[in-house]
Amino acid sequence: MTPNNNDFSFFNHDTLQIGSTARLSPETTMDTVLDALRELVNYELAVVMGLEDRERLQVRAAAGPLASARLGSFSLSLSERPDLVKILENGRPHLFAEGEDHVDTYDEVLDMPDEHSCLVSPLRIGAETIGMLTLDHRQCGAFSPAILSFIGVISRLIAVALAQTDTERRLRSANQRLAEERNRLIASETDAFRDFIGDSPAWQDVIGFIKLVAAADSPVLLLGETGTGKEEAARAIHRLSPRAEGPFVAVNCSALPEGLAESELFGHEKGSFTGASGLRKGRFELANGGTLFLDEIGDLPPEIQPKLLRALQEGRFERVGGERGVDADVRVIAATHVDLGQAVGSGKFREDLFYRISVFPIRLPPLRERGEDVVLLAELFASKLRRRPGWDGLSFSPDALDALGRRVWQGNVRELKNAVERAAILSRGGVVTPEHLAAGDWARYPLQYRMDGDSGICMAEEPGASPPQGAVPLKERLRDLERERIIAALEASGGKVYGESGAAARLGLKPTTLQSKIKKYGI
């Protein structure tokens, strides 16, 4: 049965669908309530106003075709509206009759016809008035007096939602203030900054910015070269934020499979496309109540960018193949190693999305700008490797420490971590020498390996030494071995990537990571 403004026989318990456990933010709670109300009452403008200081009404939410951004900051003084004061004191909904003299509430911000439908209802919790609901329609006589009792019931529900929204807003504000004070006093050695060490001025600036922005709920854009620790920075922001108890979901935008990027981010409904055998939540929905980290956002497909922008602005999106909006309270932290400003100029990245995600940009310095932090990081990585059986004696020779500081780490922290682990393997958990550290620098040192006959330790030949005839550099051998393993896993799984019997599970990789490698090796 189609609902109308004069007949509410259709309204029963089946109308109320509680199918989502999504945590709504204060900004989306009232929007959801007003959207549901529009399915019952054909309004063109619905506005919820909160009563502040007992004398001023302030717009909290607005919905409908006539809703305007100008309404967001609108307020009115009750001292100038004795007609509204009388309605609020009466405590019952009031429908202005045709020809009844009254002041148009939103005359300052909206151009409404002289003769239009207007309904006002107090919002009360018990005997206390906390706000006001207004419904407007440009057509005269759009609302029937028969709906007044129904609006009275709905107003009580909206009043509860408004009170809960105000309470959550106050709690969020209090939590933010507490988090700001805690972060101001917290030391950089705290567990929140585990694996995020460094004493250099450049790195201490980064830690200061992280502590400052973590308590806010604003989007953050992490900038920096590949391997500078952008994901670790995002995790530190999450750990220090009021959302720390919520999920942290990381997405590598450059690894999103072509054609399935929208489904990966926003999920899909059953039967929305071939192979969609059931409902699947996307990363955005999985991050509800927490933080979504979008790494390499500059590689996000252009067709997905408008939907991401809407999700960020409204906290709502639709799954692929879905008709109903899904609410998600998510803080987004994005990262990139490319110049997004240049990408905007070339048309590869939306300008409005760029400004939306870059509310608070933080630049992570490359390792060459961090001085002695290189040695601190190397020791951190070595301390973790010492937990392996037989590697408790892992250490760096004085020459190795000197080599760590002199080397230009083009791959930054990621390259340093790999170099330390490789050197530990070559030294068999013993003393790391400069030769061990240089073993992976294929661009400048085309080294080969030999087994020392006396010590049994794998050693690197000196730079410039002639490699054995037909020898293949280790990097190339490893690449070939990985490619062969992927091909074998795909053959064993019948070309299937996803699922428990898929190639990704056989290799212990994420499906998106495997697809990225398949593309890389041209398999």
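Anything mentioned here points back to the structure above.
A brief look at the structure comes next. Predicted, not measured: the structure shown is a model, and the values here were computed from it.

Now for the sheet that holds strand 13 (residues 360-363). Strand-to-strand pairing in sheets goes through backbone hydrogen bonds, with the strands running parallel or antiparallel. An order of 8-9-12-7-13 is seen for the 5 strands of this open sheet, with the pairing classed as parallel. Single-partner strands in this sheet number two, and they are strand 8 (248-252) and strand 13. Pairs of neighbouring strands in the sheet enclose a mean axial angle of 20 degrees, with direction left out of account. As judged from the 4 bridges shared by strand 7 (residues 220-223) and strand 12 (residues 331-336), these two strands associate in the parallel manner. Paired with L221 across the bridge in strand 12 is A334. The strands touched by helix 4 (residues 201-214) within the sheet are strand 7, strand 12 and strand 13, with strand 13 carrying the most contacts at an inclination of about 160 degrees.

The subject of this paragraph is the sheet that holds strand 4 (residues 94-95). Pairing within the open sheet is antiparallel, and its 6 strands lie in the order 3-2-1-6-5-4. Among the strands making up the open sheet, the edge pair consists of strand 3 (75-77) and strand 4. Bridge count for strand 4 against strand 5 (residues 117-125) is 2 bridges, and the pairing is antiparallel. Note that in strand 5 the partner of H94 across the bridge is V120. Contacts from helix 2 (residues 82-90) reach strand 3, strand 4, strand 5 and strand 6 (128-137), with the element oriented near 50 degrees to strand 5.

It is generally the case that most residues other than glycine have a negative phi and that most peptide bonds are trans. Even without a glycine there, the phi angle at R54 is positive, about 65 degrees. Residue position: R54 is located in the loop between strand 1 (45-52) and strand 2 (56-63). For R54, a relative accessible area of 60% translates into the label exposed. A positive phi angle, close to 50 degrees, is found at E296, a residue other than glycine. Of note, E296 is situated in the loop between strand 9 (291-295) and helix 8 (305-314). Note on E296: relative accessible area 12%, which makes it buried.

This part covers helix 8. Because each turn of an α-helix spans 3.6 residues, side chains separated by three or four positions in sequence point in the same direction. Those residues of helix 8 that fall on the buried side of the exposure criterion are Q305, K307, L308, L309, A311 and L312. Buried residues in helix 8 make contact with helix 6 (261-266), helix 7 (283-286), strand 9, strand 10 (316-317), strand 12 and helix 10 (351-357). After helix 8 finishes, the residue G315 shows a positive phi value of roughly 70 degrees.

Among the nonpolar cores identified, the biggest contains 32 residues, and F284, L292, L294, L308, F349 and I357 are the most heavily contacted of them. Breaking this core down by element, the ones donating at least two residues are strand 8, helix 6, strand 9, helix 8, strand 12, helix 9 (340-345) and helix 10. Among the elements that make up this core, the one with the highest residue count is helix 8 (4 residues). Contacts of F284, omitting those with residues within four sequence positions, involve L265, F266, L292, L308, A311, L312, F317, A328, V330 and V332.

The subject of this paragraph is the packing of helix 11 (residues 373-385) against helix 13 (residues 412-426). Contact geometry of helix 11 with helix 13 gives a least axis separation of 10 Å together with a crossing angle of 50 degrees. By the angle class used here, helix 11 and helix 13 are oblique. Crossing angle aside, the handedness with which helix 11 passes helix 13 is right-handed. Together, V374, L377, A378, F381, A382 and L385 of helix 11 and V413, L416, K417, V420, E421 and A424 of helix 13 make up the contact between the two elements. Here the contact of helix 11 with helix 13 is built from residues that sort into 10 nonpolar, no polar and 2 charged.

Attention shifts here to helix 12 (residues 398-406). Three or more residues of helix 12 are buried, namely A400, A403 and L404. Along the axis of helix 12, the buried positions cluster into a sector of 105 degrees, meaning they face one direction only. Helix 12 presents P398, D399, G405 and R406 as exposed residues on the side facing more than 90 degrees away from its buried surface. Residues of helix 12 that are buried make contact with helix 11, strand 14 (395-396), helix 13, strand 15 (431-432) and helix 14 (434-438).

Parameters at a glance
Residues numbered from 1 in each chain as written. Predicted model: local features only at pLDDT ≥ 70, side-chain atom pairs only at ≥ 80, totals over all residues. Heavy atoms only, no water. Pairing = 2+ DSSP bridges. Helix = DSSP H or I, 4+ residues; strand = E, 2+ residues; numbered from the N terminus. Axes fitted to C-alpha atoms, helices over the stretch in contact; angles between N-to-C directions. Contact = heavy atoms within 4.5 Å. Buried < 20%, exposed > 50% of the residue type's maximum accessible area, 1.4 Å probe, protein only. Core = buried A, V, L, I, M, F, W, Y, C linked by side-chain atoms within 4.5 Å. Parallel < 35°, antiparallel > 145°, perpendicular 65-115°, else oblique. Left-handed = near helix turned anticlockwise from the far one by under 90°. Nonpolar A, V, L, I, M, F, W, Y, C, P; charged D, E, K, R; others polar. Arc of directions from axis to C-beta.

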